Amino acid sequence: MDDWKETEVFIVVKTYPNSSRKYQEVVCTAAITKDGEWIRLYPIQFRQMEKNKQFKKYTWVRTRIKRAKKDHRPDSYHPDMDHFEILRTVSTKSNWAERKAIIYPTRSKSIEELKEKNKSLGIFKPLEIRDLKIKRNDKSSRANPPKYSQLNLFVPDVPKDLEGIPYDFSYVFKCDDPRCKGHTQIILDWEIYQAFRSWRHKYGEEGALEEIRKKWLYEICGPDKDVHLIVGTHNRYNKFMVLGVFYPKVEEQLSIFDFMD
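Residues numbered from 1 in each chain as written. Predicted model: local features only at pLDDT ≥ 70, side-chain atom pairs only at ≥ 80, totals over all residues. Heavy atoms only, no water.

Novice: I would appreciate a short explanation of the overall build of the protein in the present structure.
Specialist: Secondary structure assignment for the protein yields four helices and twelve strands. Looking at the protein as a whole, 50% of its 261 residues are labelled buried. Across the protein, every contact between residues at least 6 apart in sequence was considered, and the portion connecting residues at least 24 apart equals 65%. Here the protein has roughly 14700 Å² of accessible surface; of this, 48% comes from carbon and sulfur atoms. (Helix = DSSP H or I, 4+ residues; strand = E, 2+ residues; numbered from the N terminus. Buried < 20%, exposed > 50% of the residue type's maximum accessible area, 1.4 Å probe, protein only. Contact = heavy atoms within 4.5 Å. Areas by Shrake-Rupley, 256 points an atom, 1.4 Å probe, with all protein chains shown as cover.)

Novice: How should the sheet that holds strand E7 (residues 121-124) be read in this particular structure?
Specialist: Strands pair in a sheet through their backbones, by hydrogen bonds, and they do so in one of two ways: parallel or antiparallel. Spatially, the three strands line up as an open sheet ordered E7-E11-E12, and their pairing is antiparallel. Every interior strand has two partners, whereas the edge strands, E7 and strand E12 (240-246), have only one. Adjacent strand axes in the sheet meet at a mean angle of 25°, parallel and antiparallel pairs treated alike. (Pairing = 2+ DSSP bridges. Axes fitted to C-alpha atoms, helices over the stretch in contact; angles between N-to-C directions.)

Novice: Can you help me understand the sheet that holds strand E9 (residues 167-175) in this one?
Specialist: One open sheet holds the three strands; their spatial order is E8-E9-E10, and the pairing between them is antiparallel. The sheet is open, and its two borders are formed by strand E8 (126-136) and strand E10 (183-186), each paired with just one other strand. Pairwise comparison of adjacent strand axes, ignoring direction, gives a mean angle of 25° for this sheet. As paired strands, E9 and E10 are joined by four bridges and run antiparallel to one another. From the neighbouring strand, Val172 faces E10, where its bridge partner is Thr184. Across the sheet, helix H3 (residues 190-203) is in contact with E9 and E10; its angle to E9 comes to roughly 140°. Relative to E8, helix H4 (residues 205-219) is tilted by about 170°, and along the sheet it contacts E8 and E9.

Novice: In this structure, what is going on with the environment of His83? I would like to understand it.
Specialist: By secondary structure assignment, the location of His83 is in strand E6 (residues 76-89). Residue His83 is classed as partly exposed on the basis of its relative accessible area, which comes to 43%. Each C-alpha atom of the pair His83 and Glu6 lies 8.8 Å from the other, and the pair is 77 residues apart in sequence. Not counting the four nearest positions on each side in its chain, His83 is found in contact with Arg62, Thr63 and Arg64. A polar contact of 2.8 Å, which involves the side chain of His83, links it to the side chain of Asp80. (Polar contact = N/O pair within 3.5 Å; in protein donor to acceptor, adjacent residues only side chain to side chain.)

Novice: Could you clarify how one ought to interpret the confidence of the model for the protein in this entry?
Specialist: A low pLDDT score tells you not to read the predicted coordinates there in detail. For the protein, per-residue confidence averages 87 on the pLDDT scale, and 87% of positions sit at 70 or higher. Low pLDDT, under 50, characterises residues 253-261; the stretch is placed with one contact to residues that sit more than four places away or in other chains. (pLDDT = per-residue confidence, 0-100.)

Novice: Sorry if this is basic, but what is going on with the packing of aromatic side chains here?
Specialist: Geometry of an aromatic ring pair is reported as the spacing of the ring centres plus the angle between the planes. Evaluated as defined, the whole model comprises 13 aromatic pairs. Aromatic pair Trp96 and Phe246: ring centres 5.1 Å apart, planes at 65°, arrangement edge-to-face. Of this pair, Trp96 sits in helix H1 (residues 93-103) while Phe246 sits in strand E12, placing them 150 residues apart in sequence. Under the relative-accessibility criterion, Trp96 is labelled buried at 13%. Of the residues examined, Phe246 reaches a relative accessible area of 0% and is grouped as buried. Put simply, the rings of Phe10, Tyr58, Trp60, Trp96, Tyr104, Phe246 and Tyr247 touch in pairs and so form one group of aromatic residues. The cationic tip of Lys14 hangs over the ring face of Trp190; the distance from NZ or CZ to the ring centre is 4.6 Å. Above the face of the Tyr77 ring, Arg67 is positioned so that its terminal group lies 5.7 Å from the ring centre. (Phe/Tyr/Trp six-rings, centres within 6.5 Å; stacked < 30°, edge-to-face > 60°. Lys NZ or Arg CZ within 6 Å of the ring centre and 35° of its normal.)

Novice: Help me understand the side chain of Asp168, please; the structure alone is not making it clear to me.
Specialist: Inspection of the secondary structure assignment puts Asp168 in strand E9. Polar side-chain contacts of Asp168 include one of 2.8 Å to the side chain of Asn137. For Asp168, the contacting residues outside a window of four places in its chain are Lys133, Ile134, Lys135, Asn137, Ser140, Arg142, Ile186 and Tyr193.

Novice: Explain the side chain of Ser170 here, please?
Specialist: Note that Ser170 resides in strand E9. By relative accessible area, Ser170 is classed as buried at 12%. Setting aside its immediate chain neighbours within four residues, Ser170 contacts Asp131, Leu132, Lys133, Thr184, Gln185, Ile186 and Ile187.

Set out below in structure tokens:
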């Protein structure tokens, strides 16, 4: 029985490539349907995709999906990569207005609420981002990525070998929920690891770590930003992780003079 369903989804999250025994290398992608539901698209072998199918975040795409039968998480779907079309990317125009119109209606109160509603994906506004922890981890899959140069892959363009990144980056935060006792969660977003790779060549390793802290703690989470965390659970461990950060500027409050002509 063919249980594929054609749909259009708005891609919000793309995680850093992770090693996979079955697929060699995959990224986890989180998206919002036209009905305002969060879904997980997995697996996506992003760097092995044809160039005209390699999508950016905040992009509408048309594809076919079906429920992931071996994944216990209720919002996990397999995408049909043979039917995958980029429609359009939504810009940051007018302080991310169109992005917010799509994303904000899907917000939850906290991780505690997501757990209560048996959701494994979602977005919420934390009460406080307390710290960014940086921990060396030489045993992670990011520190020891697969080597494509050693394989004979039947793909149009064999991806370049990824550089090893021997660090984990984690947010320490508290939810705006009386049930929350605080969280420390690893960040899996593509952007933070890509930034480290780029800055390591420019500033050296220690300099790159300083730039990461400056950007992800003091700029992205600064007082002028309306910071939201996009989180999802691990299939095996059922533990939430930070998949991305949504951070438009705080809307300025209108004064009485704005209503006077």
